[in-house]
Amino acid sequence: MASGTKIYADFTSLVSKTGRGNSKSSAAVIDPWGYDQSIASSSISSLSLAHNKSDGDSDMALRDKKAWEVAMGPGKTLPMQAFMAWMSGTGVSIFSILITGMILMSPVKTIMSTQQTFAPLERMGKSGGGGKKQDFTMQKAAFVAINIAGLIFGVYRLSIMGLLPTASSDWLSFIPAKQYTEYSA
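Computed from a prediction, not measured in an experiment: that's the story for all the values here. (Residues numbered from 1 in each chain as written. Predicted model: local features only at pLDDT ≥ 70, side-chain atom pairs only at ≥ 80, totals over all residues. Heavy atoms only, no water.)

(A) Structural context of the packing of helix H2 (residues 94–112) against helix H4 (residues 137–161). Running from N to C, H2 and H4 cross one another at 155°; their axes reach a closest spacing of 9 Å. With respect to H4, the axis of H2 lies roughly antiparallel. Handedness of the crossing formed by H2 with H4: left-handed. On H4, the residues touching Ser96, Ile97, Thr100, Ile103, Leu104, Pro107, Val108, Thr110 and Ile111 of H2 are Phe143, Val144, Asn147, Ile148, Gly150, Leu151, Phe153, Gly154, Val155, Arg157, Leu158 and Met161. Looking at side-chain class alone, the contact of H2 with H4 contains 14 nonpolar, 6 polar and 1 charged residues. (Axes fitted to C-alpha atoms, helices over the stretch in contact; angles between N-to-C directions. Helix = DSSP H or I, 4+ residues; strand = E, 2+ residues; numbered from the N terminus. Parallel < 35°, antiparallel > 145°, perpendicular 65-115°, else oblique. Left-handed = near helix turned anticlockwise from the far one by under 90°. Contact = heavy atoms within 4.5 Å. Nonpolar A, V, L, I, M, F, W, Y, C, P; charged D, E, K, R; others polar.)

Shown next, in the form of structure tokens:
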């Protein structure tokens, strides 16, 4: 390549006669074929207005969806707990008792912490919802119901293992001894 050669491109044939554009000069590049500036500017302004109107509604819908995800979360652990219970067997051994204890204690702890679980979503509602307080009662009820189902599964597991006093022979110590009126020898 020669040391003094410069590359030059002439784009003057592409310059519009209307002078519309963002360049500093009065001439601008011609719009592509089929492009209409009036349609583009009106659709952008209508989209921004729609976004501003529905911002609070979409935020509430997003928080509602997130609350349902949180509420259904304990249901995702039930199949895993059932598989662990099946793998540990029905015999009374330390491993099966520990698994059953975990199955019983995790729903109890989760039910006790229901308010703390939904607190971040409620805080988001107070600060960013424009003063609208969102009601998560249905989500909390579903959350508690799913955890109660886990608790029922744990009690059923205790029954299968024979650790619940369900037979009449389990209560013999509470039945008073029969008093005989006469003895024979």
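(B) View of the side chain of Gln81. One can find Gln81 in helix H1 (residues 37–88). Every residue in contact with Gln81, bar those within four places of it in the chain, is listed here: Met102, Ile103, Ser106 and Phe153.

(C) Quick peek at the packing of aromatic side chains. Summed over all chains, the structure comprises 4 aromatic pairs. Relative to Trp86, the ring of Phe83 has its centre 5.9 Å away and its plane inclined at 40°; by these criteria the two rings are tilted. Taken together, the residues span about one helical turn, with Phe83 and Trp86 both in helix H1 at a distance of 3 residues. On the basis of relative accessible area, Trp86 is assigned to the exposed category, the value being 62%. (Phe/Tyr/Trp six-rings, centres within 6.5 Å; stacked < 30°, edge-to-face > 60°. Buried < 20%, exposed > 50% of the residue type's maximum accessible area, 1.4 Å probe, protein only.)

(D) Representation of the nonpolar core. Counting 7 residues, the largest nonpolar core is built from Ala67, Ala71, Phe118, Leu121, Phe136, Ala142 and Phe143. For this core, the secondary structure elements donating two or more residues are H1, helix H3 (114–128) and H4. When near neighbours in sequence (up to four residues on either side) are disregarded, Ala67 contacts Phe118, Leu121, Phe136 and Gln139. (Core = buried A, V, L, I, M, F, W, Y, C linked by side-chain atoms within 4.5 Å.)

(E) Region of the structure containing a nonpolar patch on the surface. The grouping of Trp68, Met72 and Met138 at the surface amounts to a nonpolar patch, some 300 Å² of accessible area in total. With respect to the helices and strands, the residue Met72 is situated in helix H1. Of the residues examined, Met72 reaches a relative accessible area of 37% and is grouped as partly exposed. (Patch = residues over 30% accessible without salt bridge, like charges linked within 9 Å, V, L, I, M, F, W, Y side chains within 5 Å. Areas by Shrake-Rupley, 256 points an atom, 1.4 Å probe, with all protein chains shown as cover. Salt bridge = Lys/Arg side-chain N within 4 Å of Asp/Glu carboxyl O.)

(F) Representation of H2 in the model. Relative to the 27 Å expected for 19 residues at 1.5 Å per residue, H2 spans 27 Å between its end C-alpha atoms, a close match to the ideal helical length. Every buried residue of H2 is listed here: Ser96, Ile99, Thr100, Ile103, Leu104 and Pro107. Projected onto a plane normal to the axis of H2, the buried residues spread over an arc of 125° and lie on a single side. Turned more than 90 degrees off the buried face of H2, the exposed positions are Ile94, Leu98, Lys109 and Met112. (Expected span 1.5 Å × (residues − 1). Arc of directions from axis to C-beta.)

(G) Quick peek at the pattern of salt bridges. One pass over the structure, following the stated rule, counts 2 salt bridges. Put simply, Arg63 and Asp59 hold a salt bridge, and the shortest N to O gap is 3.5 Å. Of this pair, Arg63 and Asp59 are both found in helix H1, 4 residues apart, which corresponds to roughly one turn of the helix. Its relative accessible area of 1% is what places Arg63 among the buried residues. According to the relative accessible area criterion, Asp59 is partly exposed, its value standing at 23%. Across the salt bridge formed by Glu122 and Lys140, the nearest N and O atoms sit 2.8 Å from each other. One end of the pair, Glu122, is in helix H3; the other, Lys140, is in helix H4, with 18 residues separating them in the sequence. Note on Lys140: relative accessible area 16%, which makes it buried.

Honestly, it's all geometry; don't read function into it.
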